[in-house]
Amino acid sequence: MELMPNFAAKLKANMMQLPNEWYALFLAGGERRVNVSYNNQLIKARGVYGGYAYILNENIYEWVLMEWQKMETPNDGVTVRMQDLFPCFKTKQPLVKHIGSYSDRQEKEVNY
């Protein structure tokens, strides 16, 4: 993973835009559903996948760990379901870039 230029300043600016009740902030990733703009820096995440860069609020750690324990291999299914149940957000501008690697799920080299 590669951090975008001015990562720290951009992350701080995005974190300041979060509401009091938030559970996850995705720093990049694809979108399977139409996501709704929340403000000038964030969208309300409803179908973000490619969970390679996100921040979890401490109030959701236990839920995520329990969901992952139910699975043979942790995958995007947990983070997608999380977005249906809890307030999650994504930065409008990616703060990280996925460096190409092998995807077990897609069984090929990927570069998001």
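Whatever comes next refers back to the structure up there.
One numbering rule holds for all chains: residues counted from 1, following each sequence as written. Restriction of local features to residues with pLDDT of at least 70 applies here, the model being predicted, together with a cutoff of 80 or more for giving and counting side-chain atom pairs; totals for whole chains, interfaces and linings are based on all residues. Only hydrogens and water are set aside when side-chain values are computed; all heavy atoms of the structure are taken into account.

Student: Help me understand unusual backbone geometry, please; the structure alone is not making it clear to me.
Tutor: A negative phi angle is the norm for most residues apart from glycine, just as the trans form is the norm for most peptide bonds. One non-glycine residue, Asn6, adopts positive backbone phi at about 60°. Its location among the elements puts Asn6 in the loop between strand 1 (2–3) and helix 1 (7–16). Relative accessible area serves as the criterion here: at 58%, Asn6 is assigned to the exposed category. Secondary structure counts use DSSP, requiring at least four H or I residues in a row for a helix and at least two E residues in a row for a strand, with both numbered from the N terminus. For every residue, the accessible area obtained with a 1.4 Å probe (protein chains only) is divided by the maximum for its type, and the residue is called buried under 20%, exposed over 50%, and partly exposed between those limits.

Student: Would you mind going over the environment of Trp22 with me for this structure?
Tutor: Along the chain, the position of Trp22 falls in the loop between helix 1 and strand 2 (24–26). Distance from Trp22 to Ile60, taken between C-alpha atoms, is 9.4 Å for residues 38 residues apart in sequence. We call two residues in contact when some of their heavy atoms are within 4.5 Å. With near-sequence residues (within four places) excluded, Trp22 lies in contact with Met15, Ile55, Leu56, Asn57, Asn59, Pro87 and Phe89.

Student: Would you mind showing me how to read the sheet that holds strand 8 (residues 88–91) here?
Tutor: Picture the strands of a sheet paired through backbone hydrogen bonds; they go either parallel or antiparallel. On the basis of which strands lie adjacent, the open sheet formed by 5 strands has the order 4-5-8-2-7 and mixed pairing. Looking along the sheet, the strands with just one partner apiece sit at the ends: strand 4 (36–37) and strand 7 (54–56). Lines are fitted to the C-alpha atoms to define the axes, a helix being fitted only along its stretch in contact, and any angle between axes, read from their N-to-C directions, falls within 0 to 180 degrees. The sheet contacts of helix 3 (residues 76–85) involve strand 2, strand 7 and strand 8, and relative to strand 2 the element is tilted by about 120°. A pair of strands is labelled paired if DSSP reports no fewer than 2 bridges between them.

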